[in-house]
Amino acid sequence: MAIQLKEIPYTEEPLPPSQVLPTMYDLPDEEVGQSGMPDIFHVWQARLLDETFIPPNYKLNEIFTASDLNIYYDVHNFNQYKRPDWFAVVGLSKKATTEMRLSYVTWQEGLDPLIVVELLSPSTEKDDLGKRLRDVRKPPTKWEVYEQFLRIPYYVVFSRYTNELRIFTLSGARYEEVRDHGGRFWIETLKLGLGIWQGRYLNHDRLWL
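The model shown is predicted, which means the values in this text are computed figures rather than measured ones.

Brief notes about the overall build of the chain
- Assigned secondary structure in the chain consists of six helices and 13 strands.
- When the 209 residues of the chain are sorted by exposure, 42% land in the buried category.
- Here the contacts in the chain between residues at least 6 apart in sequence split such that 61% fall between residues at least 24 apart.
- Per element, the accessible surface of the chain, about 12,900 Å² overall, is 53% carbon and sulfur.

See below:
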């Protein structure tokens, strides 16, 4: 038996970035300086979102959800990434959804997330809500990345401590908060609603998103 090497045809034209840049499997997946892993509420809440995110106008193989997975968004800087507590992408090709991802690289996937959920904690609240003054020498905050780089249409934050649900939608170049939603929000593009539910999940009774 002999191994045959794939011959790459010579071309004077530069190859597209998706062919010459590192793949999602070559990029780092450790968030340096991040203190600790998500607590069990983060794990359970993300699991509940995974199980209930079933938009009827998309096939299952067109949907991707993930929690605590790096999103790489800057093709010119591989050190720039964010790790949402939970996010969802719709409209992926069947080929794309068969991958067992180690990270989500936007310039290779060709689609940015449609919705991101951050589960607030005292140590992350300012960063998640865009209230932290950023040192220009440091990476942008999650708020900045979701709003200005990824342009994610729906940004949701939920606090397990206060049970407060805040929803932001992209309007022009900035996020605008949805007021008086009463704990329920309909996403027309998904034919799916998001809201607070009092119930028992994984043998634990509380308010869930």
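Some words on the nonpolar core
- Grouped together as the largest cluster of nonpolar side chains are 28 residues, with contacts concentrated most on Phe53, Trp86, Ile115, Val156 and Leu209.
- Residue assignment for this core shows that the elements contributing at least two residues are helix 2 (40-52), strand 4 (86-90), strand 6 (115-120), strand 7 (154-159), strand 8 (165-171), strand 10 (184-187) and strand 11 (192-195).
- The leading source of residues in this core is helix 2, at four residues.
- Every residue in contact with Val156, bar those within four places of it in the chain, is listed here: Ile115, Val116, Val117, Glu118, Leu165, Arg166, Ile167, Leu194 and Leu209.

Overview of the packing of aromatic side chains
- Using the criterion set out here, one finds 16 aromatic pairs in the structure.
- Within the aromatic cluster, the residues linked to one another by ring pairs are Trp143, Tyr146, Tyr155, Phe168 and Tyr175.
- Arg101 extends its terminal NZ or CZ atom over the ring of Phe64, reaching a point 4.2 Å from the ring centre.
- In this arrangement the basic side chain of Arg160 is found over the ring face of Tyr161, its NZ or CZ atom lying 5.4 Å from the centre.

Details of the sheet that holds strand 6
- Here six strands make up an open sheet; going across it, the order is 1-4-6-7-8-9 and the pairing mixed. Each edge of the open sheet is held by one strand with a lone partner, namely strand 1 (63-66) and strand 9 (174-177). Strand-to-strand twist across the sheet, computed as the mean angle between neighbouring axes with direction ignored, equals 20 degrees.
- Both strand 8 and strand 9 contribute to a ladder of four bridges, which runs antiparallel. Within the sheet, the bridge partner assigned to Thr169 lies in strand 9 and is Glu176.

Overview of the sheet that holds strand 3 (residues 81-82)
- Taken in spatial order, the three strands of this open sheet run 3-2-5, and their pairing is mixed. The two strands at the open ends of the sheet, each matched to only one other strand, are strand 3 and strand 5 (104-105).
- In this structure, strand 2 (residues 71-72) lies alongside strand 3, joined through two bridges in antiparallel fashion. Counted as the bridge partner of Tyr72 is Tyr81 from strand 3.

Looking at unusual backbone geometry
- One non-glycine residue, Arg151, lies in positive phi territory at about 55 degrees.
- One non-glycine residue, Leu202, lies in the positive phi region at around 50 degrees.
- With respect to the helices and strands, Leu202 occurs in the loop between strand 12 (197-201) and strand 13 (204-208).
- The partly exposed category is assigned to Leu202, whose relative accessible area is 31%.

Brief notes about the side chain of Arg206
- In this fold, Arg206 is placed in strand 13.
- Lacking a salt bridge, the buried Arg206 has Asp205 as its closest oppositely charged neighbour, with an N-O distance of 8.2 Å.
- In this structure the side chain of Arg206 is engaged in a polar contact, spanning 2.7 Å, whose partner is the side chain of Asn163.

Looking at the environment of Gln108
- Its place among the elements puts Gln108 in helix 4 (residues 106-109).
- The exposure class of Gln108 is partly exposed, given its relative accessible area of 26%.
- Distance from Gln108 to Val75, taken between C-alpha atoms, is 9.5 Å for residues 33 residues apart in sequence.

Criteria and cut-off values
- Residues numbered from 1 in each chain as written.
- Predicted model: local features only at pLDDT ≥ 70, side-chain atom pairs only at ≥ 80, totals over all residues.
- Heavy atoms only, no water.
- Helix = DSSP H or I, 4+ residues; strand = E, 2+ residues; numbered from the N terminus.
- Buried < 20%, exposed > 50% of the residue type's maximum accessible area, 1.4 Å probe, protein only.
- Contact = heavy atoms within 4.5 Å.
- Areas by Shrake-Rupley, 256 points an atom, 1.4 Å probe, with all protein chains shown as cover.
- Core = buried A, V, L, I, M, F, W, Y, C linked by side-chain atoms within 4.5 Å.
- Phe/Tyr/Trp six-rings, centres within 6.5 Å; stacked < 30°, edge-to-face > 60°.
- Lys NZ or Arg CZ within 6 Å of the ring centre and 35° of its normal.
- Pairing = 2+ DSSP bridges.
- Axes fitted to C-alpha atoms, helices over the stretch in contact; angles between N-to-C directions.
- Lys, Arg positive; Asp, Glu negative; His and termini not counted.
- Salt bridge = Lys/Arg side-chain N within 4 Å of Asp/Glu carboxyl O.
- Polar contact = N/O pair within 3.5 Å; in protein donor to acceptor, adjacent residues only side chain to side chain.

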